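Remarks on the overall topology
Chain by chain, the residues run as shown.
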Amino acid sequence: HSGWQDNLSLAARLQKSLTKAHPGLCRDINLRSASFNEQYTKGSLLIEAGAASSTMEEASQAIRWLSEALAEAIVGDN
């Protein structure tokens, strides 16, 4: 879709921030031609937390860290 570069830029900023704060937390960004409705809103991303081997506590912690990185990306570090 036409805004995919904006979405990729946001994903890369989030990944960089999370990797700096929590090395090893993020996997590589997976680019696909499939549509998951990200084309409808600028900044839309499909984010998966945890894996089959993750505990609920681990996935919950990852989401907390993600929320912090999202807030920083949206609001900025004033």
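In this report, the structure presented in the accompanying data block is examined. Treat the numbers as computed from the prediction; the structure is a model and nothing was measured.

**Things to note about the nonpolar core**
- Leu-10, Leu-14, Leu-18, Leu-66 and Ala-69 form the largest nonpolar core, which has five residues in total.
- Only α1 (4–21) and α2 (56–75) provide two or more residues apiece to this core.
- At three residues, α1 tops the list of elements feeding residues into this core.

**So, the layout of surface pockets**
- Of the volumes computed, that of the largest pocket is approximately 1400 Å³.
- For the largest pocket, the lining is made up of 36 residues, of which Ile-29, Asn-30, Leu-46, Ile-47 and Glu-48 are closest to its centre.
- For the lining of the largest pocket, the element with the highest residue contribution is α1, accounting for seven residues.
- Partitioned by chemical class, the residues of the lining of the largest pocket number 20 nonpolar, ten polar and six charged.

**Remarks on unusual backbone geometry**
- Its identity is not glycine, yet Asn-37 carries a phi of approximately 75°, on the positive side.
- Within the secondary structure layout, Asn-37 lies in the loop between α1 and α2.
- Residue classification places Asn-37 among the partly exposed positions, given a relative accessible area of 49%.

Rules of the game
- Residues numbered from 1 in each chain as written.
- Predicted model: local features only at pLDDT ≥ 70, side-chain atom pairs only at ≥ 80, totals over all residues.
- Heavy atoms only, no water.
- Core = buried A, V, L, I, M, F, W, Y, C linked by side-chain atoms within 4.5 Å.
- Buried < 20%, exposed > 50% of the residue type's maximum accessible area, 1.4 Å probe, protein only.
- Helix = DSSP H or I, 4+ residues; strand = E, 2+ residues; numbered from the N terminus.
- 1 Å grid on protein atoms, 1.4 Å probe; cavity = no way out; pocket = protein on both sides within 12 Å on 5 of 7 lines; lining within 4 Å.
- Points joined across faces, edges and corners; volume = space filled by probe spheres on them.
- Nonpolar A, V, L, I, M, F, W, Y, C, P; charged D, E, K, R; others polar.

Worth remembering: the numbers are spatial, not functional.
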